[in-house]
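Fold and contact review
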Amino acid sequence: MTGNEAGTATPSRRPGPATGGPPPVLMATLGAATISASAVLVKLANTGAATTAFYRCLLALPVLAAIAVLEQRRRGPRPPRARLGALAAGVFLAIDLVLWNHAIADVGAGIATVLGNLQVVFVTAAAWLAFRERPGRGFFLALPVVLAGVVLVSGLADGAPGIHSVAGIEYGLGTSIAYAAFLLTLRQTSSATPHVAGPVAEATLGCTVGAAVLGLLFGGWQLDIGWQSFGWLLVLALTSQTAGWLLITSSLPRLPAALSSLLLLLQPAAAILLAAVVLSERPTVLQLAGAALVCTGVLAASRAATRRGLQRDPVGDDRGPVRSGRWAQPQARRARRERA
């Protein structure tokens, strides 16, 4: 979604993606852990689907906008095409959030959890076909383990309510497709420049507008909410929508699309543990086993990807795994020039 860096004769060439800093796998893992609080906070807020999506983004905008302004002063402006791409990503996120709540209402939280986390399949397929990012063998070995863990976490193996709505299945699949589109669009939008807060702020603005439009079209959107709900939505905005997505967005351009999507499957595993602490919801043995499977599969895949990245870049600098696809060769040439 972003244009390539324009070669000019002036020394003020636009910087590429941010390098250095904490490992991208760690940043993505912390981000997934942060957004895992979303489900608990949504339950505590107890507002409608469109209302929750609207307020979580609206309340996050002032903080994100302030950080984005400071970031732009330090790193310069972003291309208009990148800004439009981030806004489009936010619209996809609004669709994802609204459809997710409808899927829960129609087929229950268990099946909705499984359907919503099929995004990893859509992201992997799209990145492979569109950007020629073929996942490594470790990813294919870990994927069935992680998905099996998600099924156990969802509670289906413990006799959770079954499917009673075809529309609910469609909502769930739509959730995965919209989430995959959001992740890929945000990743491409934030890959050409070192900005992090800018793309998140613009995507959050797009999600705010998208949630309001969807609420007006399909109903269920209300501005009048109680102070208790407002408080929980404010916490949701500052944690998941602000801190969580800042962490995730900082790692997206530095990780293969398939691996970053797989890391986000840590969210449902962490969510059941958080629900046990905050809401006193006691997970079953199978759910805990599922969480262990998810964590084990994600850890194995991330370790395999890290080894693969180090083999491609034996110098072992702090850039993290080199991205594959059409961006890999220019980045590698730039790294060689810097080392020379």
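The structure reproduced in this document is the subject of the present report.

Some points on the nonpolar core
- Within the largest apolar cluster, 70 residues are counted, with the highest numbers of intra-cluster contacts made by F182, W245 and L262.
- When residues in this core are grouped by element, the largest group, eight residues, is from helix α9 (residues 197–218).
- In this view, L262 contacts V120, F139, A142, L143, V146, V298 and A301; residues no more than four positions away in its chain are not counted.

Brief notes about the packing of helix α4 (residues 61–75) against α9
- Contact pair α4 / α9: the axes reach a minimum separation of 8 Å and the direction vectors enclose 145 degrees. Note on packing geometry: the crossing formed by α4 with α9 is left-handed. Contact residues: L61, L64, A65, I67, A68 and E71 in α4; A197, G198, V200, A201, T204, L205 and T208 in α9.
- Residues belonging to the contact of α4 with α9 are distributed by class as follows: nine nonpolar, three polar and one charged.

Considering the pattern of salt bridges
- Scanning the entire structure with this criterion turns up four salt bridges.
- For R75, the salt bridge identified is with E71, shortest N-O distance 3.9 Å. You can see R75 and its partner E71 sitting in helix α4, four residues apart, about one turn around the helix.
- Exposure remark for R75: the relative accessible area of 31% places this residue in the partly exposed category.
- Three or more residues are tied together by salt bridges with common partners; here these are R78, R83 and E202.

Considerations on a nonpolar patch on the surface
- On the surface, L205, V209, V213, L217 and F218 cluster together into a nonpolar patch covering about 510 Å² of accessible area.
- Note that F218 resides in helix α9.

Things to note about the environment of K43
- By the secondary structure assignment, K43 is in helix α2 (residues 38–45).
- Owing to a relative accessible area of 52%, K43 belongs among the exposed residues under this scheme.
- It is 9.2 Å that separates the C-alpha atoms of K43 and W232, two residues lying 189 residues apart in sequence.

Structural notes on unusual backbone geometry
- Even without glycine at this site, N46 takes up a positive phi of about 55 degrees.
- Here N46 shows up in the loop between α2 and α3 (49–58).
- Even without a glycine there, the phi angle at R132 is positive, about 55 degrees.
- For R132, the position within the fold is in the loop between α6 (119–131) and α7 (137–154).

Focus on the environment of A125
- Tracing the backbone through its elements, the reader meets A125 in helix α6.
- In this structure, the C-alpha to C-alpha distance between A125 and P135, residues ten residues apart in sequence, is 9.5 Å.

Let's talk about the packing of aromatic side chains
- Under the criterion given, the structure shown has four aromatic pairs.
- Aromatic pair Y179 and F182: ring centres 6.3 Å apart, planes at 10 degrees, arrangement stacked. Of this pair, Y179 and F182 both sit in helix α8 (residues 166–189), separated by three residues, roughly a single helical turn.
- Taking relative accessible area as the criterion, Y179 reaches 9% and is therefore assigned buried.
- Its relative accessible area of 2% is what places F182 among the buried residues.

What to know about the side chain of T208
- Locating T208 in the fold gives a position in helix α9.
- A polar contact is formed between the side chain of T208 and the backbone oxygen of T204, at a distance of 2.8 Å.

Description of α3
- Buried residues dominate α3, accounting for nine of its ten residues.
- Where α3 is concerned, the buried positions are A49, A50, T51, T52, A53, F54, Y55, R56 and C57.

Some thoughts on the packing of helix α1 (residues 24–35) against helix α10 (residues 227–251)
- Contact geometry of α1 with α10 gives a least axis separation of 7 Å together with a crossing angle of 160 degrees. As far as their axial angle goes, α10 and α1 are roughly antiparallel. Of the two elements, α1 crosses α10, and the hand of that crossing is left-handed. Along its contact with α1, which presents P24, M27, A28, L30, G31, A32, T34 and I35, the element α10 presents T239, S240, A243, G244, W245, L247, I248, S250 and S251.
- Here the contact of α1 with α10 is composed, by residue class, of ten nonpolar, seven polar and no charged.

Thresholds applied
- Residues numbered from 1 in each chain as written.
- Predicted model: local features only at pLDDT ≥ 70, side-chain atom pairs only at ≥ 80, totals over all residues.
- Heavy atoms only, no water.
- Core = buried A, V, L, I, M, F, W, Y, C linked by side-chain atoms within 4.5 Å.
- Buried < 20%, exposed > 50% of the residue type's maximum accessible area, 1.4 Å probe, protein only.
- Helix = DSSP H or I, 4+ residues; strand = E, 2+ residues; numbered from the N terminus.
- Contact = heavy atoms within 4.5 Å.
- Axes fitted to C-alpha atoms, helices over the stretch in contact; angles between N-to-C directions.
- Left-handed = near helix turned anticlockwise from the far one by under 90°.
- Nonpolar A, V, L, I, M, F, W, Y, C, P; charged D, E, K, R; others polar.
- Salt bridge = Lys/Arg side-chain N within 4 Å of Asp/Glu carboxyl O.
- Patch = residues over 30% accessible without salt bridge, like charges linked within 9 Å, V, L, I, M, F, W, Y side chains within 5 Å.
- Areas by Shrake-Rupley, 256 points an atom, 1.4 Å probe, with all protein chains shown as cover.
- Phe/Tyr/Trp six-rings, centres within 6.5 Å; stacked < 30°, edge-to-face > 60°.
- Polar contact = N/O pair within 3.5 Å; in protein donor to acceptor, adjacent residues only side chain to side chain.
- Parallel < 35°, antiparallel > 145°, perpendicular 65-115°, else oblique.

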